[in-house]
Amino acid sequence: MDNYSAATAGAKEHSVLGEQKNRELSLEDWLQKWKVHEIGFHKEDGHKLLRKYMNTFLNGRNGLRVFFPLCGKAVEMKWFADLGHSVVGVEISELAIREFFTEQNLSYSEEPIAGISGGKVFKSSSGNITLYCCNIFDLPRAHVGKFDRIWDRGSLVAINPSDRERYAKLMLSLLEKSFHYLLAIISYDTTKHSGPPFYVSDSEVKSLFGSRSNIQFLEKVDALEERFKERGFEYFFEILYLFTEK
Ligand code: SAH
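Analysis parameters
- Residues numbered from 1 in each chain as written.
- Predicted model: local features only at pLDDT ≥ 70, side-chain atom pairs only at ≥ 80, totals over all residues.
- Heavy atoms only, no water.
- Near = heavy atom within 4 Å.
- Polar contact = N/O pair within 3.5 Å; in protein donor to acceptor, adjacent residues only side chain to side chain.
- Areas by Shrake-Rupley, 256 points an atom, 1.4 Å probe, with all protein chains shown as cover.
- Helix = DSSP H or I, 4+ residues; strand = E, 2+ residues; numbered from the N terminus.
- Nonpolar A, V, L, I, M, F, W, Y, C, P; charged D, E, K, R; others polar.
- pLDDT = per-residue confidence, 0-100.
- Contact = heavy atoms within 4.5 Å.
- Phe/Tyr/Trp six-rings, centres within 6.5 Å; stacked < 30°, edge-to-face > 60°.
- Buried < 20%, exposed > 50% of the residue type's maximum accessible area, 1.4 Å probe, protein only.
- Lys NZ or Arg CZ within 6 Å of the ring centre and 35° of its normal.
- Pairing = 2+ DSSP bridges.
- Axes fitted to C-alpha atoms, helices over the stretch in contact; angles between N-to-C directions.

Student: Please explain the site of the ligand as it appears in this structure.
Tutor: By nearness alone, 15 residues border the ligand, and Trp 34, Leu 70, Glu 91, Ile 136 and Arg 153 come closest of all. Within the contact set of the ligand, an oxygen atom lies 2.8 Å away from a side-chain nitrogen or oxygen of Trp 34. Leu 70 is positioned such that a nitrogen or oxygen atom in its backbone is 2.7 Å from a nitrogen atom of the ligand. Across the complex, the protein chains shield 95% of the 570 Å² of accessible surface that the ligand would expose by itself. Broken down by element, the shell around the ligand gets its largest block of residues, 3 residues, from helix α2 (residues 27-35). A per-class count over the shell around the ligand returns 10 nonpolar, 3 polar and 2 charged.

Here it is in structure tokens:
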């Protein structure tokens, strides 16, 4: 590419990223996606990279508190519960939470969250899966305590770009010492799609989380599924990072 094309390509990318930066989904938009089941992000069999890095993530420890921000009905929550860990998730869609328990054949109870108007907390009868139905930014008011592990997939990349810093600060504030935080993000041509999932650059990951974490790049995998090809994507990568206590 000559200098001129490189410069214009750069400008184009910049303007599209600019558009992504201004894109906002309301909570209502997400509720609507669940209502019409526009949930292409849900992985019925769970996430391959999490399966692959499970031992690295758990690091031989038992009885951990594992947090799933923006959990949807992620089946991986059950994996951790079955291993004896205790799982906490937060999700704005009550429908998603109910589907999770029903599809996993788990009975549950529900009650209002003291301090969050309209919020509800759902608990599996065995007691080791607790899902808060509220805006993630209201979660501190539920006094959820700290977590040993965070699995962040479809979460940082789903948060409105203008809320990223606030989100990262919240995540860091919820971590116990000697935490392990796995972050999955994606990389694709932003001219093909305005998000979510939003594109988050490597340098942004570092500036958001680097103050408190050692950031280790674990793997970049080709995740170009047929449904993305049909939408004109030529590449689609998933990138996995591990953050640990600095
Ligand atoms: N992590 C899940 C879901 C990803 S999609 C998975 O891997 O399958 C993002 C989810 O976040 C949606 O289910 C959406 O309803 C929820 N969500 C979006 N914004 C939210 C917010 N501010 N607070 C809580 N949940 C939110």
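Student: So what exactly am I meant to see when it comes to the confidence of the model for the protein chain here?
Tutor: Parts of the model with low pLDDT should not have their predicted coordinates read in detail. For the protein chain, per-residue confidence averages 93 on the pLDDT scale, and 93% of positions sit at 70 or higher. Least confident of the elements in the protein chain is helix α1 (residues 3-22), whose mean pLDDT is 55; most confident is strand β1 (residues 65-68), at 99. A low-confidence stretch, residues 1-12 stays under pLDDT 50, and its non-local contacts, those more than four residues away or across chains, total 3 contacts.

Student: Would you explain unusual backbone geometry in this entry?
Tutor: What you tend to see is this: most non-glycine residues have negative phi, and most peptide bonds are trans. In the segment running from Gly 195 into Pro 196, the intervening peptide bond is cis, with an omega of 0°. In this structure, the amide linkage connecting Pro 196 to the following residue, Pro 197, adopts the cis form with an omega of 0°. The residue Leu 70 is not glycine, and still its phi comes out positive at about 45°. Position of Leu 70 relative to the elements: it lies in the loop between β1 and α5 (76-82).

Student: How do you make sense of the packing of aromatic side chains when you look at a structure like this?
Tutor: How two aromatic rings sit relative to each other is set out by the distance from centre to centre and by the angle between their planes. Applying the stated criterion across every chain yields a total of 18 aromatic pairs. Seen in terms of ring centroids, Tyr 235 and Phe 237 are 6.0 Å apart; in terms of plane orientation they differ by 35°. Their pairing is tilted. Of the residues examined, Phe 237 reaches a relative accessible area of 24% and is grouped as partly exposed. Through pairs of rings, three or more aromatic residues link up here, namely Phe 100, Phe 101, Tyr 108 and Phe 122. Residue placement shows Arg 166 over the ring face of Phe 137; its charged tip is 4.1 Å from the ring centre. Across from the ring centre of Phe 237, 4.6 Å away, lies the NZ or CZ of Lys 220, which sits over that ring.

Student: Is there a simple way to explain the pairing of strand β9 (residues 236-245) in this structure?
Tutor: Regular strands show a simple pattern: their side chains alternate between the two faces of the sheet. For β9, the buried fraction is high: 8 of the 10 residues fall into the buried class. The sheet contact formed by strand β7 (residues 175-188) and β9 spans 9 bridges and is antiparallel. Its bridge partner being in β9, Ser 187 is matched across the sheet by Phe 237. Relative to β9, strand β8 (residues 213-222) is paired through 9 bridges, and the arrangement is antiparallel. Bridging across to β9, Glu 219 finds its partner in Leu 240.

Student: Even after reading the chapter, I still don't get the sheet that holds β8, so can you show me in this structure?
Tutor: Sheets are built from strands paired through backbone hydrogen bonds, the pairs being either parallel or antiparallel. Within the open sheet, the 9 strands sit side by side as β3-β4-β5-β2-β1-β6-β7-β9-β8. Their pairing is mixed. Single-partner strands in this sheet number two, and they are β3 (108-112) and β8. Each strand of the sheet is rotated relative to its neighbour by a mean of 15°, with strand direction disregarded. As paired strands, β3 and strand β4 (residues 120-124) are joined by 5 bridges and run antiparallel to one another. Across the sheet, Pro 112 pairs through a bridge with Lys 120, a residue of β4.

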